[in-house]
Amino acid sequence: MSTLEALVAAARPEAARVITFSQAVREALAEEMRRDERVFVIGEDVAEAGTPFKVLSGLVEEFGPGRVIDTPISEAGFTGLAVGAAMTGMRPVVDLMFGDFLTLVMDQLVNQAAKTHYMSGGKLRVPLVLRTTLGATRRSAAQHSQSLQAWVSHVPGLIVVTPSTPYDAKGLLKTAIRNDNPVVFFEDKMGYTDKGEVPEGDYAIPFGVADVKRPGEHVTLVATSSMVQVALKAADELARQGVSAEVVDPRTLFPLDKETLVASAKKTGHVIVIDEGYERYGVTAELAAVIADGAFYHLDAPVKRLGAMDVPVPFAPTLEDVTVPTPEVVVALTKRLLAGEA
Amino acid sequence: MILESQLFQPFTDEPIAVTSESGEWIAPFELDLGPDELRRMYQDMLLGRAVDERMGRLQRQGKVSFAAPSGGHEGAQVGIAHAMRAGHDWLFPYYRDVTLPLAIGVPVVEFVAQAMGTAADPSRARQMPYHPSSKALNIFSAASPIASHIPPAAGCAISMKLRGTDQVTVCTFGDGSTSEGDWHAGVNFAGAQGAPIVFACQNNRYAISVGFEKQTGSDSIYTKAHAYGMPGYFVDGMDALASYYVMREAVQRARDGFGPALVELLVYRYGGHSTADDDSRYRPRAEVEAWRKRDPIARLRRFLTRKGLWDEAAEREAEAVVKAQVDDAIAQAQAAGDVALETMFEDVLAEVPERLVKQRSELLG
């Protein structure tokens with residue numbers, strides 16, 4: 001048994017208690033920082049403020065300002081700094097307050113972190129984790145509400161993680177910190193207060209293993225991150241209407257668990273892929289292509305996709321709320337799909 | 001280049017002030033502002049504070065989603081505004097500017113409607129609160145990512161130079177911005193090009209929670225001007241008149257073809273970074289209270305009172321006028337109602353593309 005498998009086996013459900021998504025993230029970080037002194041946190045307002053979302057509250061009190069490092073407002077700067085530190089033996093966890101700021105760090109992330117291992121002939125490694133957020137409906141408008149996971153999923157050399165529950169967040173973040181590659185870890189900013197069962201102590205969830213969040217027979221809803229809860233709510237409503245929906249969460253966009261996605265598609269014959277990023281050239285396009293490729297002869301209808309509308313996220317709540325998929329939209333599309341009308 | 005006729009020297013060790021805390025005129029030159037202009041500056045500050053405080057209250061009531069408290073910045077902002085030719089010069093503001101856009105002429109109803117995201121918002125309910133813009137008044141839409149407006153501001157100024165206009169660009173930001181690469185790129189290029197721009201830093205010594213000493217090894221912002229080939233002025237931003245006079249000189253200098261300047265206005269924000277921030281985690285209350293005692297509004301009021309231009313009755317009347325203005329603006333903004341859903345699909349591109357036409361018809365039926 002590998003160390004990772006042993007850790008997975010060590011997760012004992014009886015030791016679980018209910019905590020929030022942000023507590024799960026904080027617990028994973030704290031446990032990893034206690035376990036491995038090479039792990040440190042760097043970013044804006046990570047120390048006394050504990051980030052604007054209060055995800056890191058208490059870390060600086062335990063680990064001090066040397067390992068929970070407040071930076072000047074300089075996203076490209078501290079991401080590049082983490083590349084240098086990771087390359088020379090540290091395990092930095094970069095905190096990038098809003099996913100929109102990926103635009104600011106793309107050079108360091110894409111041209112340095114993702115390529116250093118390859119360009120050095122495998123001699124230099126960049127084991128950093130970049131934690132950031134995604135998700136709209138926080139009334140933060142076009143420059144603070146984007147879901148840019150597709151951008152980094154396009155880049156060879158990066159691992160992309162999209163946990164949807166507190167349990168997944170803790171287990172996947174531990175795997176990310178122990179991984180020898182650069183990992184981009186997306187947290188749904190609207191999901192920080194979501195609660196779920198999380199085991200105390202050490203456990204890890206391997207990358208590239210999807211999770212069936214709800215088994216079903218008639219339709220597969222493949223959903224990522226923030227959209228898993230949307231799909232589960234839609235599945236509840238569909239159940240009331242006599243439709244059995246299976247909800248599959250890939251959990252990591254790269255590596256991707258194609259087998260679980262394809263197997264579910266073969267079983268139900270109907271698939272809708274849901275991701276909060278833009279549909280065009282997006283995560284849903286890749287997942288739909290993978291499913292169509294693997295399950296084509298078992299499908300009763302084309303694979304459908306749901307993502308954000310093609311508009312910068314507007315501010316007004318009445319506008320913002322309709323730009324991203326909702327349970328109602330998923331239910332309506334499912335019914336049309338099953339009726340052969342989609 | 002330093003001009004003989006100028007009132008101020010750059011790179012002073014102490015912040016430039018022209019009035020004392022008790023409101024005495026302490027500058028070695030004569031005041032050349034008339035009573036009306038002085039009173040207008042004071043009233044602009046009262047309005048800015050009233051709007052800001054009301055937006056904070058509306059945020060707590062759930063009627064506005066976000067506010068970036070501006071209290072303590074009014075003196076610097078009114079000085080910047082009055083140093084500009086409103087509607088002629090370009091302003092690249094940042095999200096803590098409230099008194100500044102209002103003093104330039106943004107109607108209160110537009111500021112409030114923008115914050116509330118109603119149909120009375122000229123930016124069509126698309127931007128975060130505290131991010132007003134105005135085509136009519138040459139005001140750029142404030143950026144949420146820090147300092148990403150600095151290179152566009154420099155580009156705007158270079159455009160003015162190329163087109164041979166006598167416009168000046170004024171670009172504001174906080175101390176936090178100066179750590180960003182974009183800040184250095186923009187300021188450097190403006191210096192290299194001799195662009196007509198004034199970079200006005202409202203230094204309140206905190207980048208959200210991160211104190212000034214953690215942001216830079218330097219003990220000031222204005223000294224960075226030296227490296228970019230422009231004068232750097234250090235100003236007491238709690239002194240509205242000092243802010244005005246130094247900005248006026250920097251703007252005039254740029255207009256006359258002598259290139260950019262960097263002005264550091266030392267201020268303090270009384271509130272948190274935003275309504276989502278708990279500043280008690282990182283700032284001692286005694287520090288906040290000490291700065292409140294240096295309030296820019298109270299200081300200008302003392303100055304006006306000493307000159308016989310203001311009294312209790314004027315204060316009461318001005319407060320009543322401002323309150324009515326804000327009440328009225330909020331009522332108008334609310335009365336305008338929600339923006340229509342179909343407007344959301346416009347302006348992504350010059351024409352609505354086919355995909356959006358389809359998405360619009362799916363939504364609206």
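The structure we're discussing is the one just above.
Residues numbered from 1 in each chain as written. Chains lettered and ligands numbered in written order. Predicted model: local features only at pLDDT ≥ 70, side-chain atom pairs only at ≥ 80, totals over all residues. Heavy atoms only, no water.

Q: Hey, could you run me through the overall build of chain A in this one?
A: For chain A, the count of helices and strands is 13 helices and 14 strands. Against the 2.2 N^0.38 benchmark of 20 Å for 342 residues, chain A shows a C-alpha radius of gyration of 20 Å, consistent with a compact globule. Each principal axis of the C-alpha atoms in chain A carries an extent, and together these give about 60 × 50 × 45 Å. Put simply, chain A has 342 residues, and 60% of those count as buried. Summarising the internal contacts of chain A: among those between residues at least 6 apart in sequence, 82% fall at separations of at least 24. As presented, chain A carries roughly 12800 Å² of accessible surface, and 55% of it is formed by carbon and sulfur atoms. Across chain A, the mean location of the 33 positive side-chain charges is 2 Å away from that of the 44 negative side-chain charges. (Helix = DSSP H or I, 4+ residues; strand = E, 2+ residues; numbered from the N terminus. Rg over C-alpha atoms; globule rule 2.2 N^0.38 Å. Buried < 20%, exposed > 50% of the residue type's maximum accessible area, 1.4 Å probe, protein only. Contact = heavy atoms within 4.5 Å. Areas by Shrake-Rupley, 256 points an atom, 1.4 Å probe, with all protein chains shown as cover. Lys, Arg positive; Asp, Glu negative; His and termini not counted. Charge placed at Lys NZ, Arg CZ, Asp CG, Glu CD.)

Q: Even after reading the chapter, I still don't get the sheet that holds strand β1 (residues 90–92) of chain B, so can you show me in this structure?
A: Hydrogen bonds between backbone groups are what pair the strands of a sheet, and the pairing can be parallel or antiparallel. Residues and elements named next belong to chain B. In space, the five strands of this open sheet follow the order β1-β2-β3-β7-β6, with parallel pairing throughout. Two strands in the sheet have a free side with no partner beyond their single neighbour: β1 and β6 (232–236). Sheet twist, expressed as the average angle between the axes of neighbouring strands with direction ignored, equals 20°. Sheet topology places β1 next to strand β2 (residues 169–174); three bridges connect them, and they run parallel. When the bridges of β2 are listed, Leu91 appears paired with Val170. Here helix α6 (residues 181–193) sits on the sheet and contacts β2, β3 (197–203) and β7 (261–266); the angle it forms with β3, its principal contact strand, is near 145°. (Pairing = 2+ DSSP bridges. Axes fitted to C-alpha atoms, helices over the stretch in contact; angles between N-to-C directions.)

Q: Help me understand unusual backbone geometry in this model?
A: With the exception of glycine, most residues fall at negative phi, and the peptide bonds are largely trans. Between A:Phe254 and the following residue, A:Pro255, the backbone shows a cis peptide bond with an omega angle of 0°. Positive phi, normally seen in glycine, also occurs at B:Phe11, with a value near 60°. For B:Phe11, the position within the fold is in the segment before α1 (35–60). Judged by relative accessible area, B:Phe11 falls into the partly exposed class, the value being 31%. Positive phi values are uncommon outside glycine, yet B:Ile208 reaches one of about 50°. Note on placement: B:Ile208 falls in the loop between β4 (206–207) and β5 (210–211). The exposure class assigned to B:Ile208 is buried, which follows from its relative accessible area of 14%.

Q: Please explain empty space enclosed by the protein as it appears in this structure.
A: Over the atoms rolls a probe the size of a water molecule, and in doing so it shows where empty space is left. Overall, the coordinates contain five cavities of 30 Å³ or more when judged by the stated rule. Quantified by volume, the largest cavity comes out at close to 370 Å³. In terms of lining, the largest cavity is formed by 25 residues, of which the most central are A:Met97, A:Phe98, A:His144, B:Ile208 and B:His273. When grouped by side-chain class, the residues that make up the lining of the largest cavity number 12 nonpolar, seven polar and six charged. Of the voids in this model, the second largest cavity is the one considered here, and its volume is about 180 Å³. If you trace the second largest cavity, you find 20 residues lining it, with B:Tyr94, B:Tyr95, B:Ile146, B:Gly174 and B:Gly176 closest to the centre. Taken together, the residues of the lining of the second largest cavity break down into 10 nonpolar, seven polar and three charged. (1 Å grid on protein atoms, 1.4 Å probe; cavity = no way out; pocket = protein on both sides within 12 Å on 5 of 7 lines; lining within 4 Å. Points joined across faces, edges and corners; volume = space filled by probe spheres on them. Nonpolar A, V, L, I, M, F, W, Y, C, P; charged D, E, K, R; others polar.)

Q: What is the right way to look at the pairing of strand β13 (residues 271–278) of chain A in this model?
A: The side chains of a regular strand alternate, residue by residue, between the two faces of the sheet. Residues and elements named next belong to chain A. Within β13, seven of the eight residues are buried, which leaves the element mostly enclosed by the surrounding structure. Pairing between strand β10 (residues 219–223) and β13: four bridges, direction parallel. Note on β13: the bridge partner recorded for Val222 is Val273. Here β13 runs beside strand β14 (residues 304–308); their pairing, made up of four bridges, is parallel. Its bridge partner being in β14, Val273 is matched across the sheet by Arg305. With respect to chirality, the unit in which β13 leads through helix α11 (residues 283–295) into the neighbouring parallel β14 is right-handed. (Right-handed = clockwise from strand over helix to strand, strands pointing away.)

Q: What am I meant to see in the environment of B:Ala190 here?
A: Residues and elements named next belong to chain B. Position of Ala190 among the secondary structure elements: in helix α6. Of the residues examined, Ala190 reaches a relative accessible area of 0% and is grouped as buried. Taking the C-alpha atoms as reference, Ala190 lies 9.8 Å from Ile150; in sequence the two are 40 residues apart.

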